[in-house]
Amino acid sequence: NVPFSAARIRDEFPVFRHHPDLIYLDNAATTQKPLAVLDAERRFYETANANIHRAAHRLGSAATDAFEGARTRIAAHLNAAHPDEVLFTRGTTEAINLAAHSWGRAHLRPGDVILLSTLEHHANIVPWQLVAQATGAIVKPIPLDADGTIDQRAFLSLLTPAIRLVGLTQCSNATGVLPPLAPMIAAAKAVGALVMIDGAQGIAHGGVDLQALGADFYAFSGHKLYGPTGVGVLWARRELLAKMPPWQAGGEMIDRVSFDGTTFAEPPFRFEAGTPPIAQAVGLAAAMDWLAGHDRDTLLRHELALRERFEAGLVQLDCIRVLSASAPRGPITALAFDGLHPYDVAQFLDGYGVAVRVGQHCAGPLHQALGLNGSLRASFAAYNTEADVDATLAALATTLEQLA
Ligand code: PMP
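Being a predicted model, the structure only gives us computed values, none of them experimental.

(A) Structural context of the overall build of the protein chain. Broken down by element type, the protein chain carries 15 helices and 15 strands. Expected size for 404 residues packed as a compact globule is a radius of gyration near 22 Å; at 22 Å, the protein chain falls within 12% of this value. Along the three orthogonal principal directions, the C-alpha set of the protein chain runs to about 70 × 55 × 35 Å. Long-range pairs, those at least 24 residues apart, make up 70% of the contacts in the protein chain with a sequence separation of at least 6. For the protein chain, the accessible surface area stands at approximately 17000 Å², while carbon and sulfur atoms represent 53% of it. Within the protein chain, the 40 negative side-chain charges are centred at a point lying 6 Å from the centre of the 31 positive side-chain charges.

Now the structure itself:
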């Protein structure tokens, strides 16, 4: 067992060869890609590229094996009970839209309630709003407490048999807050609600064990997990998928088509209309294999130690506040500045080669609840180093002097 070294991990990411001075702290938006992922996609295109499932030739079989093999490996990494519970989508956004439009339109009735935490990314809000408009269901927010975490008493008091679905993030993409998922999922199930977990951030920091989690839907994107863009996953149990109608329609998702009527394929194919992201699925499986080659706890501890080092250094600087500072959080820090616009700060930081994100991070209701127009977010990944943190703190100190 080789001891953990962030510098060695960084060497596996070619982007840092092209940008040796880059301090990349925008990992919650998207992560950089290791050679293992780039090589897997390239190898697929060079050795097995064809369309899948129906080709009557050897290359088609190789492509199908690569794609279905990726599904099987991804299911194993997630501890899903069956590979056919893993549906390939374009990303988290499409995964949640699939669940909302397929399950929601078939099963929601006027007066049914969809309960969503105020921490949610717009991707776990807006699809439910559209489905509510179409079905007469009602979307209700679960309020936050003073710390910017989910108000647990309010949550329990909102739980009634009218609740059909509870939507929760595994980790807030804006503030890093980690909701206490296990008791919340258990409480939601106790009133008969289904639970959608947005794993877009959570999966990158520690991963997930789907059978232990006990949720009904789990959505994530490959690109936040060192994998390619253009691919993500919706997971749901077989029995639930069996009761869900198709959403998008076209080739691949059918059983038999005629102008008198069409019948549909079984899951997962029923939900994968058209040519899926084949090479990207292969790349996503390679990213999850690459992660599994490391000790996930060690990676997470490293990322959290970087966040703590950063926040400890911020104490020296005036006029900066860490949002939800005392809440359990993943390796994400959101900052608010007294009297300064975060956008100006980020522009100066970019001048020092530090990549961070400003704005509402697609979490408008969260920022409204916190009384902020926006925040500045630094998010950490396995390849970030203590030197990245120290250089960012130095750049921030100079920036504040310049803007004062
Ligand atoms: N949910 C969360 C928590 C996210 O962080 C993101 C990406 N910012 C999304 C959903 C949407 O992911 P994608 O854009 O890859 O579909």
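Moving on from the coordinates now.
(B) Representation of the site of the ligand in the model. Around the ligand lies a shell formed by Thr-92, Thr-93, His-121, Ala-123, Asn-173, Asp-198, Ala-200, Gln-201, Ser-221, His-223 and Lys-224. Gln-201 places a polar side-chain atom, nitrogen or oxygen, 2.7 Å from an oxygen atom of the ligand. Bound to the protein, the ligand loses 84% of the 390 Å² it would expose on its own. Its residues assigned to classes, the shell around the ligand shows two nonpolar, seven polar and two charged.

(C) Local environment of the packing of aromatic side chains. Under the counting rule described, the total for this entry stands at 11 aromatic pairs. Residues Phe-13 and Trp-290 carry aromatic rings whose centres are separated by 5.5 Å and whose planes lie at 80 degrees to one another, so their mutual orientation is edge-to-face. Pair noted here: Phe-13 is in the loop between α1 (6-11) and α2 (15-18) and Trp-290 is in helix α11 (residues 278-292), with a separation of 277 residues, a long-range link. In this pair, the class of Phe-13 matches that of Trp-290, namely buried. With a centroid separation of 6.1 Å and an interplanar angle of 55 degrees, the aromatic rings of Tyr-218 and Phe-220 are classed as tilted. When sorted by exposure, Tyr-218 lands in the same class as Phe-220, which is buried.

(D) Examining the sheet that holds strand β15 (residues 375-379) more closely. The strand order across the open sheet built from four strands is β11-β12-β15-β14, with neighbouring strands paired in antiparallel fashion. At either margin of the open sheet sits one strand with a lone partner, and together these are β11 (320-322) and β14 (357-359). Taking the axes of each pair of neighbouring strands and ignoring which way they run, one obtains an average angle of 30 degrees across the sheet. With three bridges joining them, β14 and β15 adopt antiparallel strand pairing. In the strand pairing of β15, Arg-357 is matched with Arg-377. Lying on the sheet, helix α12 (residues 296-314) is in contact with β11, β12 (332-337) and β15; it crosses β12 at an angle near 20 degrees. The sheet contacts of helix α13 (residues 342-351) involve β12, β14 and β15, and relative to β15 the element is tilted by about 40 degrees.

The rules behind each value
- Residues numbered from 1 in each chain as written.
- Predicted model: local features only at pLDDT ≥ 70, side-chain atom pairs only at ≥ 80, totals over all residues.
- Heavy atoms only, no water.
- Helix = DSSP H or I, 4+ residues; strand = E, 2+ residues; numbered from the N terminus.
- Rg over C-alpha atoms; globule rule 2.2 N^0.38 Å.
- Contact = heavy atoms within 4.5 Å.
- Areas by Shrake-Rupley, 256 points an atom, 1.4 Å probe, with all protein chains shown as cover.
- Lys, Arg positive; Asp, Glu negative; His and termini not counted.
- Charge placed at Lys NZ, Arg CZ, Asp CG, Glu CD.
- Near = heavy atom within 4 Å.
- Polar contact = N/O pair within 3.5 Å; in protein donor to acceptor, adjacent residues only side chain to side chain.
- Nonpolar A, V, L, I, M, F, W, Y, C, P; charged D, E, K, R; others polar.
- Phe/Tyr/Trp six-rings, centres within 6.5 Å; stacked < 30°, edge-to-face > 60°.
- Buried < 20%, exposed > 50% of the residue type's maximum accessible area, 1.4 Å probe, protein only.
- Pairing = 2+ DSSP bridges.
- Axes fitted to C-alpha atoms, helices over the stretch in contact; angles between N-to-C directions.

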